[in-house]
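Notes for the structure review
Listed below, chain by chain, are the residues.
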Amino acid sequence: MLLLLIASVSGPARATEKELSLEKIGTGAYARKWAVVIGLHRFDESRLGSNLKLDQSALDLARLLVEKASFEKESVLELTDAAASRDAILQSLGDKWLGRVAGKDDLVFIFLSTLCFPAENGQVYLLTYDTDLDNFFSTSISVDDLVKRVKEKVGAKDVVLVAQTLFTGAPQMVSGARTRFGVYNVSVEAACLGDNFAFISSSKKNQPTWGTYFSDSLERALKAADEGKNLDDLFRFAHDGTVRSTVKDCRGCKIQTPVYYGSARTRKIDLLSKPRSKTEKPAVVSSFENVVGVCGQARSALTYGKSMQALSLLSSIRPSANLPLVDYLKGNVYARRQEWNKASDYFKAAVVGNPYDSIYCSQLANALTEDNEDGSIYFRKAYDLDHRNIDAVFGIAESAAADKSSKSVNLKLLLDLLVDYPRSAELHDRLSYAYRDQGKLDRAIEHAHEAVLLDQNSWTSFMNLGTLLLARGSNNEAQAAFRQVLDLGPDSPEGYFMLARALEKTEDQEGAVLALEKFLDVSGAGAGTDIEANDKRITQARLDLARLRSAVSRESEVK
């Protein structure tokens, strides 16, 4: 009886202590909760940018996750602007952060706020801080690849990915990648996501996302929500707020309707619940966070031309914390300084650390080539890893230009690339050279014409077109092309030299004389023997000029 009495008294006391402990650490459905928020307002590429504070919307949401959704501050990784590079994003969503910290009983929340480009190939691409518009498909991230990476690398109980993605036409205007007509935003197959993956897009795929209306509405949903609200409740609040705001404030805009992709189960995700355990991160994860932050500062410094400051920041990273992305960034710093030997060394270290990154390999190949070394092996490796890496394709074509047996192979590589870059002036220009080397003059001229139509400010493209037309005997058309060269570059020796040849072909000997005289003037003939020794055209021009003057003189005497 005494024992029963003691048990009856002490039992409730112990239960109360347990309840207090559970209340302190949470009794929710998840052991821990993790978040990665990504926002880009600025880009390294000067032809990109947005007047909207897409980075600030990410930071504001990160703050609310802590204040309203019971995420611990240490469990939220923020990547904004210069810190949100392609490799930093991929590694944060993979083995270096989410893939390492998120457990099978955890919740993962990912928020993206950036520009997107729906390509003609059906993929939608997200623009990162270091997206290169001249090599777009290899330096951006497709939504399908990003979702696949998270599914493969992150073993969490539930994953929520929210994308506020604004359409940009820059890749089409700059690199010649064609956008898919009528598509402005992301869409996914809900069935492919699985039972534990929710994907929320800021608008339907045929609707543009206008500004930050969606993230603003999502923030209001979080502020107004109590602990009983699930993911579906938050989405509906943000959905309705976005529709109302775009109708009211964005007059003349097409309506914007956020979309939820996911199973019925994911709609019940308790985003606001308190986690059962405190955040615990391995030291290597904290080290990665620090490295990503320093790399962001270094990229920002490099964008503004402060290469020494960038190097100083990168040098502050301890050797034990070094990562391939650090070596890659150091290589970029030295490449911009045109110190190719050092750039090669760091790019090589980056490739050793991450041998499956096509961009790392092509950058190494470029640096080796600039340093008068053979980069062909790495161009080929970069191409094998990513057939759309335009630097790799151009590098292979150039390094094998003298190999007759490779000409048909190189032509095929260029034609394959044309599928992704149908309006690339540079690619059409290179195709014209490739067809010329095969003796297919008409096809060469066809692509040369396309190149000048796409880029009417490229004097080199007009020069190529004129040379091909002259070879075919279309002398008047060639003459017009060379005059366009001189309109773009009035002091172009090449333009005057080739114009003289075209004028002579049309029997305009007086015009050819004037063109050759101008060539000798702008080429610096007579200014020094080195110039004449290095430019064989000067000797030829003198001979042609003497011959043509004599012919003009005889013709005058006859008249």
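As shown above, the structure is provided for reference.
A brief structural summary. (Residues numbered from 1 in each chain as written. Predicted model: local features only at pLDDT ≥ 70, side-chain atom pairs only at ≥ 80, totals over all residues. Heavy atoms only, no water.)

Overview of the packing of helix α21 (residues 459–472) against helix α22 (residues 475–488)
What counts here: Each axis is a line fitted through C-alpha atoms, taken for helices only over the stretch in contact, and angles between the N-to-C directions span 0 to 180 degrees. Put simply, DSSP H or I for four residues or longer makes a helix, DSSP E for two residues or longer makes a strand, and each gets a number counted from the N terminus. By definition in this entry, angles of less than 35 degrees are roughly parallel, angles greater than 145 are roughly antiparallel, angles of 65 to 115 are roughly perpendicular, and the rest are oblique. Note on convention: near helix rotated counterclockwise from far helix by under a right angle means a left-handed crossing. Clockwise means right-handed. Every residue pair with non-hydrogen atoms within 4.5 Å of one another is taken to be in contact. The nonpolar class holds Ala, Val, Leu, Ile, Met, Phe, Trp, Tyr, Cys and Pro. Asp, Glu, Lys and Arg form the charged class, and all remaining residues, Gly among them, are polar.
At a closest axis distance of 8 Å, the pairing of α21 and α22 adopts a crossing angle of 160°. Relative to α22, α21 is oriented roughly antiparallel. Considering how the two elements wind past one another, α21 and α22 form a crossing that is left-handed. Note on element contacts: α22 touches α21 through N475, E477, A478, A481, F482, Q484, V485 and L488, opposite W459, F462, M463, G466, T467, L469, L470 and R472. Here the residues of the contact of α21 with α22 are counted per class, giving 10 nonpolar, four polar and two charged.

Quick word on the environment of P258
Along the chain, the position of P258 falls in the loop between α10 (231–249) and β8 (259–261). Between the alpha carbons of P258 and D216 there is a distance of 13 Å; along the sequence they are 42 residues apart. If we ignore the near neighbours within four places in the chain, the residues touching P258 are S201, S202, S203, F214, F235, A238, H239, T242 and V243.

A word on the nonpolar core
The following threshold applies: What we call a nonpolar core is a set of buried Ala, Val, Leu, Ile, Met, Phe, Trp, Tyr and Cys residues that are connected through their side-chain atoms within 4.5 Å. For every residue, the accessible area obtained with a 1.4 Å probe (protein chains only) is divided by the maximum for its type, and the residue is called buried under 20%, exposed over 50%, and partly exposed between those limits.
Counting residues in hydrophobic clusters, the biggest one holds 139 residues, and the most contacted among them are W97, L98, V108, L161 and F199. No other element matches helix α11 (residues 283–303), which puts nine residues into this core. Counting 31 residues, the second-largest nonpolar core is a separate cluster that includes A35, L61, V162 and L234.

Observations concerning the pattern of salt bridges
The criterion, for reference: In the sections that follow, a salt bridge refers to a side-chain nitrogen of Lys or Arg positioned within 4 Å of a carboxyl oxygen of Asp or Glu.
All chains considered together, the criterion is met by 27 salt bridges. Here D442 ties to R472 by a salt bridge, and the two come within 3.3 Å at their closest N and O atoms. Highlighted residues: D442 in helix α20 (residues 441–454) and R472 in helix α21, separated in sequence by 30 residues. Accessibility expressed as a relative area gives 37% for R472, which makes it partly exposed. A network of salt bridges, in which partner residues are shared, links E45, R47 and D134.

Quick look at the packing of aromatic side chains
In plain terms, the rule: Stacked, edge-to-face and tilted labels apply to pairs of Phe, Tyr and Trp rings (six-membered ring for Trp) whose centres lie within 6.5 Å, assigned for plane angles under 30 degrees, over 60, and everything in between, in that order. Distance and angle both matter: a charge sits over a ring if NZ of Lys or CZ of Arg is within 6 Å of the ring centre and within 35 degrees of the ring normal.
Inspection of the entire model under this criterion finds 14 aromatic pairs. Ring plane angle 65° and centroid distance 6.5 Å describe the contact between F71 and F109, whose orientation is recorded as edge-to-face. With F71 in the loop between α2 (54–68) and β2 (76–80) and F109 in strand β3 (residues 107–118), this pair connects stretches of sequence that are 38 residues apart. Judged by relative accessible area, F71 falls into the buried class, the value being 2%. Since its relative accessible area comes to 3%, F109 is described here as buried. For the ring pair Y334 and Y346, a centre distance of 5.7 Å and an interplane angle of 5° mean the geometry is stacked. A residue pair is termed long-range when its members are at least 10 positions apart, and Y334 in helix α13 (residues 324–336) and Y346 in helix α14 (residues 340–353) qualify at 12 residues. Look at Y334 and you get buried, because its relative accessible area is 13%. Taken together through their ring pairs, the aromatic side chains of F117, Y125, F136, F137 and Y421 make up a single cluster. The ring of Y260 is capped by R267, whose NZ or CZ atom sits 4.1 Å from the centre of that ring. R430 extends its terminal NZ or CZ atom over the ring of F394, reaching a point 3.9 Å from the ring centre.

As far as function goes, none of this settles anything; it's purely spatial.
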